[in-house]
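Architecture and fold: a report
Listed here are the chains, written in short residue letters.
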Amino acid sequence: MLNIRPSNTRGYANHGWLESFHSFSFAGYYDPANMGYSVLRVINDDKIAPATGFGMHGHQDMEIITYMLAGELRHTDSMGNGSVIRAGDVQRMTAGTGVRHSEMNASEQTTAHLLQIWIKPAILDLPPGYEEKTISTESKLNRWALIASPEAWDGSLKVHQDVTLCATVLEAGHSLPLEVSEGRSAYMHVARGEVEIDGQRLVTGDALKIDDASKLDMRALETSEVLWFDLPRHVK
């Protein structure tokens, strides 16, 4: 039996300007059974209304990845960075010793849709850092594309932890392997669409946790976008 976290069991908050689903305990949502997974601490599925967003606020000792699904987001921070990231872009910010930033919907017409991912770093008190990268749909189409890795392999974003993040846009009927090595764990998040794994269906917002060495196949039932985290072994 697969260890599936259904999307409808996530935390939920609607602030008017922000609609957010929380995969793990966050802000006013507390679930002692889902405080994180391995070194994953946050996966928030955020929709930000036009011309609104998060004003300047601070973070420390966290690797923060923003994965854009739709719309555009204007980022500014205390390191002097300022840019607009759009669907297909991925951003990594190392909060380290402390950083302040804002995230505002850059459009006055369309909603910004993103996944914000927090990963606990392997080392505390790192110098703050920032980078962004465009990952084309073509590079993800029916194959795994490397998004982030500890050594910035193949031009991926650098994350200061023993984690690799891959993503795919899988067309209906296409399949990809899912493999977890001995001594590792994995976490899969369906950003959109519907897939089948080992006879079980996962839909938008569903997640799969894997604690043991495994070889599975994932088949798309409709065009789907999926994120896959290879992680240090999760301690139950």
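Each remark here, short or long, concerns the structure printed above.
From a predicted model like this one, the values you see are computed outputs, not experimental measurements.

A word on the pattern of salt bridges
Under the definition given, this model contains 11 salt bridges. Within the structure, one salt-bridge network assembled from shared partners comprises Lys140, Arg192 and Glu225.

Focus on the nonpolar core
Judged by nonpolar contacts, the single largest core of 27 residues is most densely connected at Leu40, Ile117, Ile119, Tyr187, Leu227, Phe229 and Leu231. Counting only elements with at least two residues in this core, the list comes to strand 4 (40–48), strand 6 (63–70), strand 11 (112–119), strand 13 (145–149), strand 15 (164–170), strand 17 (184–192) and strand 22 (224–232). Phe229 has contacts with Leu40, Ile43, Ile117, Thr164, Leu165, Ser185, Ala186 and Tyr187, leaving out every residue within four places of it along the chain. One finds Leu176, Ile197, Leu208 and Ile210 within the second-largest nonpolar core, a separate group that totals 18 residues.

Quick word on the packing of aromatic side chains
A complete count under the given rule lists seven aromatic pairs for this structure. Between the aromatic rings of Tyr12 and Phe21, the centroid separation amounts to 4.8 Å while the plane-to-plane angle is 45°, which identifies the pairing as tilted. Phe21 gets classed as partly exposed once you look at its relative accessible area, which sits at 26%. Where Phe24 meets Tyr187, the ring centres are 5.6 Å apart and the plane angle is 50°; that geometry is what we call tilted. In this pair, Phe24 sits in the loop between strand 3 (18–22) and strand 4 while Tyr187 sits in strand 17, placing the two residues 163 residues apart along the sequence. Aromatic rings pair up to connect Phe24, Tyr37, Tyr187 and Phe229 into one cluster.

Brief notes about the sheet that holds strand 21 (residues 214–220)
Strand order in this open sheet of four strands is 16-21-18-19, and the pairing throughout is antiparallel. With partners counted over all chains shown, the strands left at the sheet margins are strand 16 (175–180) and strand 19 (200–203), one partner each. The average undirected angle you get between the axes of adjacent strands in this sheet is 30°. As defined by bridge partners, strand 18 (residues 194–197) adjoins strand 21 across three bridges and the pair is classed as antiparallel. Across the sheet, the residue bridging to Val195 is Ala220, located in strand 21.

Notes on the sheet that holds strand 11
Read across the sheet, seven strands follow the order 2-3-4-11-6-9-12 without closing on themselves; strand pairing throughout is antiparallel. Every other strand in the sheet has two partners, leaving strand 2 (11–14) and strand 12 (129–134) as the edge strands with one partner each. Neighbour-to-neighbour, the strand axes of this sheet turn through a mean angle of 15°, independent of strand direction. Bridge analysis of strand 2 against strand 3 gives four bridges, and the strand direction is antiparallel. Note on strand 3: the bridge partner recorded for Tyr12 is Phe21.

Some points on the layout of surface pockets
Quantified by volume, the largest pocket comes out at close to 240 Å³. Leu18, His22, Phe26, Asn44 and Phe54 are, among the 18 residues lining the largest pocket, the residues nearest its centre. The set of elements that each furnish at least two residues to the lining of the largest pocket consists of strand 2, strand 3, strand 4, strand 5 (53–59) and strand 11. Its residues placed into classes, the lining of the largest pocket shows eight nonpolar, eight polar and two charged.

Here's the deal with the side chain of Glu63
By the element assignment, Glu63 lies in strand 6. Among buried charged residues, Glu63 stands out as having no salt bridge; its nearest opposite-charge side chain is Arg92, 4.6 Å away. Among the polar contacts made by the side chain of Glu63, one reaches the side chain of Thr94 at a distance of 2.9 Å. When sequence neighbours within four positions are dropped, the list of residues in contact with Glu63 reads Arg92, Met93, Thr94, Ile117, Trp118, Ile119, Pro121, Leu126, Lys158, Val159 and His160.

Structural notes on the environment of Asp162
With respect to the element layout, Asp162 can be found in the loop between strand 14 (157–158) and strand 15. Accessibility expressed as a relative area gives 40% for Asp162, which makes it partly exposed. A sequence separation of 40 residues divides Asp162 from Ala122, and the C-alpha atoms of the two residues are 7.5 Å apart. With residues near it in sequence (within four places) discarded, Asp162 still touches Arg184, Asp230, Leu231 and Pro232. Separated by 2.7 Å, the side chains of Asp162 and Arg184 make a polar contact.

The rules behind the values
- Residues numbered from 1 in each chain as written.
- Predicted model: local features only at pLDDT ≥ 70, side-chain atom pairs only at ≥ 80, totals over all residues.
- Heavy atoms only, no water.
- Salt bridge = Lys/Arg side-chain N within 4 Å of Asp/Glu carboxyl O.
- Core = buried A, V, L, I, M, F, W, Y, C linked by side-chain atoms within 4.5 Å.
- Buried < 20%, exposed > 50% of the residue type's maximum accessible area, 1.4 Å probe, protein only.
- Helix = DSSP H or I, 4+ residues; strand = E, 2+ residues; numbered from the N terminus.
- Contact = heavy atoms within 4.5 Å.
- Phe/Tyr/Trp six-rings, centres within 6.5 Å; stacked < 30°, edge-to-face > 60°.
- Pairing = 2+ DSSP bridges.
- Axes fitted to C-alpha atoms, helices over the stretch in contact; angles between N-to-C directions.
- 1 Å grid on protein atoms, 1.4 Å probe; cavity = no way out; pocket = protein on both sides within 12 Å on 5 of 7 lines; lining within 4 Å.
- Points joined across faces, edges and corners; volume = space filled by probe spheres on them.
- Nonpolar A, V, L, I, M, F, W, Y, C, P; charged D, E, K, R; others polar.
- Lys, Arg positive; Asp, Glu negative; His and termini not counted.
- Polar contact = N/O pair within 3.5 Å; in protein donor to acceptor, adjacent residues only side chain to side chain.

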